[in-house]
Amino acid sequence: MGEEFAAAFPVPPMALMEFASIAQGDVDSSDLAGLAAMYDLLESVIEPEDWARFKRHAKTSRASDKDLMLLVRKVITGQTDRPTLPASDSSDGPEVTEPSSEPASSSQDDLTTRVVRRLEAEGRPDKALMVLMAAEAASAA
């Protein structure tokens, strides 16, 4: 919403576990328990020197629970607007690789994407986030 804030990445594991524990129940971002879980997670993620400014900006810009949930999702998945590293100047030309028998995107990725989109369309971005986090944990294992 027009401002940048320093955030911890990766998300502190205990903060993520607390959020997951609450989100796993039958709460969403419009319930008091869901709002409290989002607040606690954001407070754990936004760097302390930016926390007061973040709260002020969220209030004055009238950020909705859905706006804040989107921010939570981006922070958890590491989707920030940080610049990427420039390509190296020492390229020896295009790299030759063998064709892969693996498809570019697995059916599990497609299923996860469909489930996340459906949950977001149903107004359940909190549940969508849980699906993303579970998929990420499964792919990391």
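Worth saying up front: this structure is predicted, and the values here are computed from it rather than measured.

### Remarks on the overall build of the protein
Here's step 1: When helices and strands are tallied, the protein shows 6 helices and 0 strands.
Here's step 2: Beginning at the N terminus, the succession of helices and strands in the protein can be written as α-α-α-α-α-α.
Here's step 3: Here the protein holds 141 residues, and 29% of them are scored as buried.
Here's step 4: Summing over all exposed atoms, the protein offers an accessible surface of approximately 9900 Å²; the carbon and sulfur share of this is 55%.

### Structural notes on the environment of Trp51
Here's step 1: Relative to the assigned elements, Trp51 resides in helix H3 (residues 48-60).
Here's step 2: Residue class for Trp51 comes out buried when judged on its relative accessible area of 11%.
Here's step 3: Along the backbone, Trp51 and Phe5 are 46 residues apart, and their C-alpha atoms lie at a distance of 8.3 Å.
Here's step 4: Setting aside its immediate chain neighbours within four residues, Trp51 contacts Tyr39, Leu42, Glu43 and Ile46.

### A closer look at the side chain of His57
Here's step 1: With respect to the helices, strands and loops of the structure, His57 is situated in helix H3.
Here's step 2: Residue classification places His57 among the buried positions, given a relative accessible area of 18%.

### A short note on the packing of helix H2 (residues 32-45) against helix H4 (residues 65-77)
Here's step 1: For the pair H2 and H4, the least separation of the axes is 11 Å and the interaxial angle reads 45°. Judged by the angle between their axes, H2 and H4 are oblique. Crossing geometry of H2 relative to H4 is assigned as left-handed. Side by side, H2 and H4 meet where Leu35, Met38, Leu41, Leu42 and Val45 of the first sit next to Asp65, Leu68, Met69, Leu71, Val72, Val75 and Ile76 of the second.

### A closer look at unusual backbone geometry
Here's step 1: Positive phi, close to 55°, is recorded for Arg62, a residue that is not glycine.
Here's step 2: In this structure, Arg62 sits in the loop between H3 and H4.
Here's step 3: Judged by its relative accessible area of 72%, Arg62 is exposed.

### A look at the pattern of salt bridges
Here's step 1: Applying the stated criterion across every chain, the model contains 3 salt bridges.
Here's step 2: A network of salt bridges, in which partner residues are shared, links Glu3, Asp50 and Arg53.

### Observations concerning the packing of aromatic side chains
Aromatic rings considered in pairs are described by the distance between their centres and by the relative angle of their planes.
Here's step 1: Counting across every chain of the model gives 3 aromatic pairs.
Here's step 2: Ring geometry for Phe5 against Phe54: centres 5.2 Å apart, planes inclined by 85°, an arrangement best described as edge-to-face. Here Phe5 is found in the segment before helix H1 (13-23), whereas its partner Phe54 is found in helix H3, with 49 residues between them in sequence.
Here's step 3: Residue Phe54 is classed as buried on the basis of its relative accessible area, which comes to 6%.
Here's step 4: Judged by centre distance (5.3 Å) and plane angle (75°), the ring pair of Tyr39 and Trp51 falls under edge-to-face.

Procedures and definitions
- Residues numbered from 1 in each chain as written.
- Predicted model: local features only at pLDDT ≥ 70, side-chain atom pairs only at ≥ 80, totals over all residues.
- Heavy atoms only, no water.
- Helix = DSSP H or I, 4+ residues; strand = E, 2+ residues; numbered from the N terminus.
- Buried < 20%, exposed > 50% of the residue type's maximum accessible area, 1.4 Å probe, protein only.
- Areas by Shrake-Rupley, 256 points an atom, 1.4 Å probe, with all protein chains shown as cover.
- Contact = heavy atoms within 4.5 Å.
- Axes fitted to C-alpha atoms, helices over the stretch in contact; angles between N-to-C directions.
- Parallel < 35°, antiparallel > 145°, perpendicular 65-115°, else oblique.
- Left-handed = near helix turned anticlockwise from the far one by under 90°.
- Salt bridge = Lys/Arg side-chain N within 4 Å of Asp/Glu carboxyl O.
- Phe/Tyr/Trp six-rings, centres within 6.5 Å; stacked < 30°, edge-to-face > 60°.

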